[in-house]
Amino acid sequence: MKIMKKKFIIANWKMNPSTSDEAQRLVKSVLTAQIPKDVELIFTPPFVYLEAIKKLLPKEIKLAAQNISWAERGAYTGEISGLMLKNLGCSYVIIGHSERRYKIGETDEMINLKLKAAFKAGLTPVLAVGEKEQNDDIVKILTRQLKNAFKDLEAPEVGRLMIAYEPVWAIGTGISDTPDHALSAALLIRKIVGNLYTADWASDLPVLYGGSVTEENAADFIGQTGINGALVGGASLEVLEFTKIIKATQTND
Ligand code: PGA
């Protein structure tokens, strides 16, 4: 196993902000801060701002989409294909976010098709998994989500996939997971995908934590060797807080 030094910080803006000007201002303000070399910073704006945001990013800062169609092209009103995203300059796409699973009704089967579509388009998926309630059977749920997501898929090349552990009860609630539990969930994820593919492959897979990450708790999650970064929602819309989260990658090493 290689010890992965690089940390990933993903800003998931969800359905915010309401103007392109605000979106551009937000990125420009974040980029005035110094971004450490060993951090892969990834902005995930709504589709409609992707093109404008891409123009503001130096090449080491990456762009991601919040969703992707499972279809390649054609009669899918309202959908956005992987190729469109790739051609706009996206490197990553979030797939299986709990807000899409539970508010929009995405199923494991759709998520599996979306993963395949992302790989086909040359995008790196950030697959989000997590249990709904704090007392849910996490082994059972993560096993089901991961097995179904990777159905009929060969092991993606290392660096061509990330997994985000996002307990649903911690998303947008202000109640984050404990760093110890998040770490054990990250290990469990590696164990499950290691059984699907190989343990070596799984140990090199970046696994992130997401769910009420703030400037106060960021270092406790990101600082762990087994957690390779954070998927940040609400706090990524606050410039000062978000830049402190980026800085938190440099502590607790
Ligand atoms: P949050 O969202 O940081 O606002 O809890 C995390 C996410 O949805 O990825």
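Summarised in this report is the structure supplied together with it. Note that the coordinates shown come from a computational prediction; the quantities given were computed from them, not determined experimentally. (Residues numbered from 1 in each chain as written. Predicted model: local features only at pLDDT ≥ 70, side-chain atom pairs only at ≥ 80, totals over all residues. Heavy atoms only, no water.)

### So, the packing of helix H1 (residues 20-31) against helix H10 (residues 239-247)
Put simply, the rule is: Only the contacting stretch of a helix is used when fitting its axis, a line to C-alpha atoms as for every element, and angles between N-to-C directions run 0 to 180 degrees. Elements are defined by DSSP. Helices are runs of H or I of four residues or more, strands are runs of E of two residues or more, and each kind is numbered from the N terminus. Under this scheme an angle from 65 to 115 degrees is roughly perpendicular, one under 35 degrees roughly parallel, and one over 145 degrees roughly antiparallel; angles in between are oblique. Two helices crossing with the near one rotated counterclockwise from the far one by less than a right angle form a left-handed crossing, whereas a clockwise rotation gives a right-handed crossing. Should any heavy atoms of two residues lie within 4.5 Å, those residues are counted as being in contact.
Put simply, H1 and H10 touch, their axes get as near as 10 Å, and they point 45 degrees apart. Between H1 and H10, the crossing angle belongs to the class labelled oblique. When the axes of H1 and H10 are compared, the crossing they make is right-handed. Between H1 and H10, the residues in contact are Leu26, Ser29 and Val30 and Val239, Phe242, Thr243 and Ile246, respectively.

### A closer look at the packing of aromatic side chains
Here is the rule: Working definition: rings of Phe, Tyr and Trp (its six-membered ring) pair if their centres are within 6.5 Å, and the pair is stacked with planes under 30 degrees apart, edge-to-face with planes over 60 apart, and tilted otherwise. Buried means the residue's accessible area, taken with a 1.4 Å probe over protein chains only, is under 20% of the maximum for its type, while exposed means over 50%, and partly exposed covers the values in between.
Summed over the entire model, instances satisfying the criterion amount to five aromatic pairs. Considering the side-chain rings of Tyr165 and Tyr209, the 6.4 Å spacing of their centres and the 50 degrees angle between planes classify their relative orientation as tilted. Here the residue Tyr165 occupies a position in strand E6 (residues 162-165), and Tyr209 occupies one in strand E7 (residues 207-210), the gap between them amounting to 44 residues. A ring pair is formed by Tyr197 and Trp201, whose centres lie 4.9 Å apart and whose planes are at 70 degrees; its orientation type is edge-to-face. We classify Tyr197 as buried; its relative accessible area is 18%. Each member of the aromatic cluster is reached from another via a ring pair, and the members are Phe150, Tyr197 and Trp201.

### Side note on helix H7 (residues 179-196)
Going by this rule: Helices are assigned an expected span. That span is 1.5 Å times one less than the residue count.
Taking 1.5 Å as the rise per residue, H7 with 18 residues should run 26 Å; its terminal C-alpha atoms sit 26 Å apart, in good agreement. In this fold, the buried residues of H7 make contact with strand E5 (124-129), helix H6 (138-149), E6, helix H8 (199-203), E7 and helix H9 (218-222).

### Looking at unusual backbone geometry
Backbone geometry follows two general trends: most residues other than glycine have a negative phi, and most peptide bonds adopt the trans configuration. Here Asn16 and Pro17 are connected by a cis peptide whose omega angle stands at -15 degrees. Following the sequence through the fold, Pro17 ends up in the loop between strand E1 (7-12) and H1. Its identity as a non-glycine residue notwithstanding, Ser212 has a phi of 55 degrees, on the positive side. Its place among the elements puts Ser212 in the loop between E7 and H9. The exposure class assigned to Ser212 is buried, which follows from its relative accessible area of 15%.

### What to know about the environment of Ala202
With respect to the helices, strands and loops of the structure, Ala202 is situated in helix H8. Taking the C-alpha atoms as reference, Ala202 lies 35 Å from Leu26; in sequence the two are 176 residues apart. For Ala202, the contacting residues outside a window of four places in its chain are Arg190, Val193 and Gly194.

### A few points about the site of the ligand
Here is the rule we go by: Whether a residue is near a molecule or strand depends on its heavy atoms: if one lies within 4 Å, it is near. Polar contact criterion, stated in full: a pair of N or O atoms within 3.5 Å, where within protein one must be able to donate a hydrogen and the other to accept it, and residues adjacent in sequence count only if both atoms are side-chain atoms. Method for areas: the Shrake-Rupley scheme with a 1.4 Å probe, in which residue coverage is limited to the protein chains shown. Only protein atoms enter the 1 Å grid used here. Points where a 1.4 Å probe fits but cannot escape make up a cavity, open sets with protein on both sides within 12 Å along at least five of seven lines make up a pocket, and a residue lines them when an atom lies within 4 Å of a point. If over half the atoms of a molecule are within 2 Å of the grid points of a cavity or pocket, the molecule is regarded as sitting in it. Each residue is assigned to one class: nonpolar for Ala, Val, Leu, Ile, Met, Phe, Trp, Tyr, Cys and Pro, charged for Asp, Glu, Lys and Arg, and polar for all the others, Gly among them.
Taken together, 13 residues are adjacent to the ligand, and Lys14, His97, Glu166, Gly172 and Ser212 come closest. Within the contact set of the ligand, an oxygen atom lies 2.7 Å away from a side-chain nitrogen or oxygen of Lys14. Within the side chain of His97, one N or O atom sits 2.6 Å away from an oxygen atom of the ligand. Within the complex, the protein chains bury 96% of what would otherwise be the 280 Å² of accessible surface of the ligand. The cavity that encloses the ligand is the second largest pocket. The residue makeup of the shell around the ligand, split by class, is four nonpolar, seven polar and two charged.

### What to know about the side chain of Lys114
With respect to the element layout, Lys114 can be found in helix H5 (residues 108-121). Not counting chain neighbours up to four residues away, the residues in contact with Lys114 comprise Asn67, Ile68, Ser69, Trp70, Ile95, Arg100 and Glu106.

### Overview of the layout of surface pockets
Put simply, the rule is: Grid points are joined across faces, edges and corners, and a volume is the space filled by probe spheres set on the points.
Computed from the structure, the largest pocket encloses a volume of approximately 490 Å³. The wall of the largest pocket is formed by 15 residues, among which Lys14, Met15, Gln66, Glu99 and Arg100 lie closest to the centre. The element contributing the most residues to the lining of the largest pocket is helix H4 (residues 98-104), with four residues. Here the lining of the largest pocket is composed, by residue class, of six nonpolar, five polar and four charged. The space that makes up the second largest pocket amounts to roughly 200 Å³. For the second largest pocket, the lining is made up of 16 residues, of which Gly172, Ser212, Val213, Gly233 and Gly234 are closest to its centre. By residue class, the composition of the lining of the second largest pocket is five nonpolar, nine polar and two charged.

### Considering the packing of H5 against H6
Their axes nearest at 8 Å, the elements H5 and H6 cross at an angle of 45 degrees. Classified by the angle between their axes, H5 and H6 sit oblique to one another. Along this stretch, H5 crosses H6, giving a crossing that reads as right-handed. Facing H5, whose interface residues are Asp108, Ile111, Asn112 and Leu115, H6 presents Arg144, Gln145, Asn148 and Ala149.

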